[in-house]
Amino acid sequence: MSESKVIFITGGTSGIGKATVRAALATGHRVAASGRDLGKLDGLRQELGASPDQLLTLPMDPTAFAAVQNGVDVAISAFGGIDVAIPNAGYDGE
């Protein structure tokens, strides 16, 4: 396996984002996952049995610059940096 990376994923509560969180954790990476619904992110952590050292969950509205900056700052503080950013957040109209 290659060296573990810190991956920041927006839109981690469903669809491609959720699948990407799963895949990143399964391959040994640490993940900072953001989404509008923290409950869904925490549910994913429980489902996968991921510790806070492996999966940092961040409530974040990707349309609010201050929220995005705060999420990035928290991830850097928790993990010491971000190696890969996957801007996956979307909106389905609900």
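For the structure itself, look to the data block above.
Residues numbered from 1 in each chain as written. Predicted model: local features only at pLDDT ≥ 70, side-chain atom pairs only at ≥ 80, totals over all residues. Heavy atoms only, no water.

*Asks:* Is there a simple way to think about the pattern of salt bridges in this case?
*Replies:* If charged atoms from side chains of opposite charge come close, those side chains can pair. What the rule picks out here adds up to 3 salt bridges. For the salt bridge of Arg-22 with Glu-47, the shortest nitrogen-to-oxygen distance reads 2.4 Å. Taken together, the residues span a long stretch of sequence, with Arg-22 in helix H1 (residues 15–26) and Glu-47 in helix H2 (residues 38–48) at a distance of 25 residues. Owing to a relative accessible area of 48%, Glu-47 belongs among the partly exposed residues under this scheme. Linking Asp-61 and Arg-36 is a salt bridge whose minimum nitrogen-to-oxygen distance equals 3.9 Å. Of the two residues, Asp-61 sits in the loop between strand E3 (55–59) and helix H3 (65–79) while Arg-36 sits in the loop between strand E2 (30–35) and H2, which places them 25 residues apart along the sequence. Among the residues examined, Asp-61 registers a relative accessible area of 32% and is labelled partly exposed. (Salt bridge = Lys/Arg side-chain N within 4 Å of Asp/Glu carboxyl O. Helix = DSSP H or I, 4+ residues; strand = E, 2+ residues; numbered from the N terminus. Buried < 20%, exposed > 50% of the residue type's maximum accessible area, 1.4 Å probe, protein only.)

*Asks:* Where do I start with the environment of Ala-50 in this structure?
*Replies:* Relative to the helices and strands, Ala-50 resides in the loop between H2 and E3. The spacing of Ala-50 and Val-21 is 29 residues in sequence and 11 Å in space, taken between C-alpha atoms.

*Asks:* Just to check I follow, could you spell out H3 for this structure?
*Replies:* An α-helix turns once per 3.6 residues; consequently, residues spaced three or four apart project the same way. Taking 1.5 Å as the rise per residue, H3 with 15 residues should run 21 Å; its terminal C-alpha atoms sit 21 Å apart, in good agreement. Every buried residue belonging to H3 is among Gly-71, Ala-75 and Phe-79, and all of these are buried. Viewed end-on, H3 has its buried residues packed into an arc of 40 degrees, placing them on one side of the element. Turned more than 90 degrees off the buried face of H3, the exposed positions are Phe-65, Ala-66 and Ser-77. Those residues of H3 hidden inside the fold are in contact with strand E1 (6–9), E2 and E3. (Expected span 1.5 Å × (residues − 1). Arc of directions from axis to C-beta. Contact = heavy atoms within 4.5 Å.)

Without other data, these values stay purely geometric and don't point to any function.
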